[in-house]
Amino acid sequence: MKRTFAAVGLVFALILSACGGAASQSSTTTAPSQTTTTTEALPEGLVTTVEDLPQATIQIVSTGSFVTPDFGEFEGSGSGSGFIIDPSGVAVTNSHVVSGAGLIEVFIGGDPVSVNAQILGVSECNDLAVIDLAGDGYSYLEWYDGTITPGMDVVAAGYPLGDPQFTVTAGIISKSDFPGDTEWASVNAILEHDARIRPGNSGGPLVNDSMQVVGVNYAGRDDTDQNFAISVTDAAGIVAELRTGVDVDSVGINGYALFTDDGTPGIWVETVQPGSPADSAGVTGGDMVTRMSGVSLGAEGTMAEFCDVIRTQGGSGVIPVEVLRYETSQVLRGQFNGEALSEVFSFAEELDETATVEESSATYTEYTLISDDTGAMQVEVPVEWSDIDGAPYVDAEGRNITDVRAAPDLTGFLETWGTPGMIFSASSAWAESTSEEALLDLYLDSLETQCTYDDRYVYEDPAYTGFYDLYFECGDTLATYVVVAAQPPEGGFIILVQVQANEDRDFDALDRILASFFVSGDV
């Protein structure tokens, strides 16, 4: 596998290295005042000077089991930074620093004794997490509530490169509040600054000269000397939700966009947050999430599509998902907040020895997402099937049918048996007036005069159940024709998928079509 670019997050030595420091309480100094002047007292524990900044900036060591494409599964530790925002010990860091960890230890101000912490909430899309330190009476930082403009002086604080000694660097804001997608997150408001950060700074505070937090450091590029933080304009509101125990823009995956050796894109899963929608669905470290809600993931080398789907459907919504279990090459389908993952039936494997099609060394290497003219249905087809018609039609019974069909040449597909292609149709009127088997019978009467009819079989996947008919040796060719009729558990409409295979590679296209078809609107 090849990764598209390197993340700046936990500090790794060998695989992941453990580094640490520990919790200590801070003392508060009061500036001298003249007897004729009244000075408003600062809240106890609030950090306002760079000298006290170490007492509210934490080093986090997370230990757990991780799965990477290069090294497989291993147990290790990694370190990042964070900062305390409440005397009770509520602290902020990056999601990729703590998500999926079995043990979280926190060190403060160089104290070698650690404090345990538990996760309150995570957001992998915004790369933010809130943890709660054991005990209370901590020094803390407050959010900046003003306007952030280029040229503002800032200080980046944290524990870079696993060093237990507190470190600060100074700089200015270069650019403020712009969106950006990375390999491991999709953040709506980012600050670029030149206060140099390194791996291990992730989750640490970016503060102004009054020690107010303007951003949460999360990424950097050494080759261009760029440093990035999640802006307070986005972070403060998200953190307010996370500290109540609610995950935001999250299904509980700690991972990153990646391409497999054969070029398949997806989101690689290193760890899964226990009890999360991903965990309940059966996703595990070493899986690769390739599709969600009919949308292919990771094609641009970022988490953009992954996070767009979660933000559209909601982290608690039912989200259809397709997973490649890389170790076993199994393709699994299921739902976040719904049906657990199960292995997808493969027509390519099932028909490999029984179907009579022409053998070919050619393969389909690229697929494209197409939709009907109303945008209610989507399905992936080989890019070679570029002749597309998405117009609806009215059937012989006067029922409105939503439809999209594709082939290298639609006329050849529809009028002869020499051209592969597919038809994807759906209708709520079918669900009101007929059944899946009755619909298949309509096609059986016509097709069995042109093909050798094999049999009718039960069709079932995590989203649809129904039946399918198989036809071999259609016309004067070796073409195989498959007709699937099914409906979702809640009913409401019936889908009909017809695919013609003339070469063995068309069976792979058939699997991709059945794994990718999706109804998102009224049909």
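Residues numbered from 1 in each chain as written. Predicted model: local features only at pLDDT ≥ 70, side-chain atom pairs only at ≥ 80, totals over all residues. Heavy atoms only, no water.

Asker: What exactly am I supposed to notice about the overall build of the protein here?
Answerer: Within the protein, the secondary structure is distributed over nine helices and 31 strands. Seen along its three principal axes, the alpha-carbon backbone of the protein occupies a region of about 105 × 45 × 40 Å. Each charge sign in the protein was given a centre, from 16 positive and 81 negative side chains, and these centres are 5 Å apart. (Helix = DSSP H or I, 4+ residues; strand = E, 2+ residues; numbered from the N terminus. Lys, Arg positive; Asp, Glu negative; His and termini not counted. Charge placed at Lys NZ, Arg CZ, Asp CG, Glu CD.)

Asker: Mind showing me how you'd approach the sheet that holds strand β22 (residues 377-382) here?
Answerer: In any sheet, the strands associate via hydrogen bonds between backbone groups, in a parallel or an antiparallel arrangement. Taken in spatial order, the three strands make up an open sheet running β21-β22-β31, and their pairing is antiparallel. A strand with exactly one partner marks an edge of an open sheet, and here the two such strands are β21 (367-371) and β31 (518-519). Seen against the sheet, helix α9 (residues 505-516) touches β21, β22 and β31 and runs at an angle of roughly 160° to β22. (Pairing = 2+ DSSP bridges. Contact = heavy atoms within 4.5 Å. Axes fitted to C-alpha atoms, helices over the stretch in contact; angles between N-to-C directions.)

Asker: I tried to follow the sheet that holds strand β10 (residues 186-193) on my own but got confused; where do I start?
Answerer: Pairing in this closed barrel of six strands is antiparallel, and the strands run β8-β9-β10-β13-β12-β11 around the ring. Ignoring which end each strand starts from, the neighbouring axes of this sheet average 50° apart.

Asker: Even after reading the chapter, I still don't get the nonpolar core, so can you show me in this structure?
Answerer: It is characteristic of soluble globular proteins that their nonpolar side chains tend to be buried jointly. By size, the foremost hydrophobic cluster in this structure holds 38 residues, and its most contacted members are Val-379, Met-422, Phe-424, Tyr-464, Ile-495, Val-497 and Phe-517. Looking at this core element by element, the count peaks at five residues for α9. Apart from residues no more than four positions distant in its own chain, Ile-495 is found in contact with Phe-424, Ser-425, Ala-426, Tyr-464, Val-484, Ala-485, Ala-486, Phe-517 and Val-519. Core analysis: the second largest hydrophobic core is formed by 36 residues, Val-47, Tyr-218, Ala-235 and Leu-258 among them. (Core = buried A, V, L, I, M, F, W, Y, C linked by side-chain atoms within 4.5 Å. Buried < 20%, exposed > 50% of the residue type's maximum accessible area, 1.4 Å probe, protein only.)

Asker: Looking at this model, I keep getting lost on empty space enclosed by the protein. Mind explaining?
Answerer: One water molecule sets the probe size; rolling that probe over the atoms shows where empty space is left. This model, assessed by the stated rule, comprises two cavities of 30 Å³ or more. Space inside the largest cavity adds up to approximately 50 Å³. Around the largest cavity sit Arg-333, Val-344, Phe-345, Phe-347, Tyr-459, Glu-460, Asp-461, Asp-511 and Leu-514, which together line it. Counting only elements with at least two residues in the lining of the largest cavity, the list comes to β27 (452-460) and α9. Looking at the lining of the largest cavity residue by residue, the classes come out as five nonpolar, no polar and four charged. (1 Å grid on protein atoms, 1.4 Å probe; cavity = no way out; pocket = protein on both sides within 12 Å on 5 of 7 lines; lining within 4 Å. Points joined across faces, edges and corners; volume = space filled by probe spheres on them. Nonpolar A, V, L, I, M, F, W, Y, C, P; charged D, E, K, R; others polar.)

Asker: So what exactly am I meant to see when it comes to the packing of aromatic side chains here?
Answerer: How two aromatic rings sit relative to each other is set out by the distance from centre to centre and by the angle between their planes. One pass over the structure, following the stated rule, counts 13 aromatic pairs. With centroids separated by 6.0 Å and ring planes inclined at 75°, the aromatic side chains of Trp-268 and Tyr-326 adopt a geometry described as edge-to-face. Of this pair, Trp-268 sits in strand β15 (residues 265-272) while Tyr-326 is found in the loop between β18 (319-325) and β19 (330-336), placing the two residues 58 residues apart along the sequence. One aromatic cluster is present, formed by Phe-424, Tyr-464, Phe-493 and Phe-517 through successive ring pairs. (Phe/Tyr/Trp six-rings, centres within 6.5 Å; stacked < 30°, edge-to-face > 60°.)

Asker: Can you help me understand the state of the cysteines in this one?
Answerer: Working definition: the covalent bond between the sulfur atoms of two cysteines is a disulfide. Applying the stated rule across the entire model yields two disulfides. The disulfide bridge from Cys-125 ends at Cys-307, spanning 2.3 Å between sulfur atoms. Across the S-S bond linking Cys-125 and Cys-307, the dihedral sits near -100°, which makes this disulfide left-handed. A residue pair is termed long-range when its members are at least 10 positions apart, and Cys-125 in the loop between β6 (115-123) and β7 (128-133) and Cys-307 in helix α4 (residues 304-313) qualify at 182 residues. Here Cys-125 and Cys-307 have matching classes, each one buried. One disulfide bridge connects Cys-451 with Cys-474, the sulfur atoms lying 2.1 Å from each other. Judged by the torsion about the S-S bond (115°), the Cys-451/Cys-474 disulfide is right-handed. Residue Cys-451 is found in the loop between α8 (436-447) and β27, and its partner Cys-474 is found in strand β28 (residues 465-474); the two are separated by 23 residues along the sequence. You can call Cys-451 buried: its relative accessible area is 9%. What links to what in the protein: the bonded cysteines, counted in sequence order, pair as 1-2, 3-4. (Disulfide = S-S within 2.5 Å.)

Asker: Would you mind going over the pairing of strand β3 (residues 72-84) with me for this structure?
Answerer: Along any regular strand the residues' side chains alternate between the sheet's two faces. Taken across its 13 residues, β3 has 10 buried, putting it largely inside the fold. Where strand β2 (residues 57-68) and β3 come together, 12 bridges link them in antiparallel fashion. Looking at β3, one finds that Ile-58 is bridged to Gly-82. Across two bridges, β3 lies against strand β4 (residues 90-93) in antiparallel orientation. Paired with Ile-84 across the bridge in β4 is Ala-91. Taken together, β3 and the strand that follows it, β4, pair antiparallel across an intervening segment of five residues, in which Gly-89 is found at a positive phi of about 105°.

Asker: It is not clear to me how the confidence of the model for the protein should be interpreted in this structure. Could you clarify?
Answerer: Interpretation of the predicted coordinates at a detailed level should be avoided for regions scoring low in pLDDT. Here the protein shows a mean pLDDT of 88. Residues at 70 or above account for 90%. Note on residues 1-38: pLDDT is under 50 here. Beyond four places in sequence and across chains, it has 112 contacts. (pLDDT = per-residue confidence, 0-100.)

Asker: In this structure, what is going on with the layout of surface pockets? I would like to understand it.
Answerer: One number sums up the size of the largest pocket: a volume of about 1200 Å³. Lining the largest pocket are 34 residues; nearest its centre among them are Asp-262, Thr-264, Glu-322, Val-331 and Arg-512. Those elements that place two or more of their residues in the lining of the largest pocket are β16 (287-292), β18, β19, α5 (347-351) and α9. The element best represented in the lining of the largest pocket is α9, accounting for four residues. Looking at the lining of the largest pocket residue by residue, the class counts come to 12 nonpolar, 11 polar and 11 charged.

Asker: Honestly, the pattern of salt bridges in this entry has me stumped. Any pointers?
Answerer: Two side chains with opposite charge may pair up if their charged atoms get near one another. For the structure on display, the rule yields 15 salt bridges. For the salt bridge of Arg-221 with Asp-223, the shortest nitrogen-to-oxygen distance reads 2.8 Å. Ionic contacts of the salt-bridge type, sharing partners, join the residues Arg-196, Arg-198, Asp-222 and Asp-225 into one network. (Salt bridge = Lys/Arg side-chain N within 4 Å of Asp/Glu carboxyl O.)

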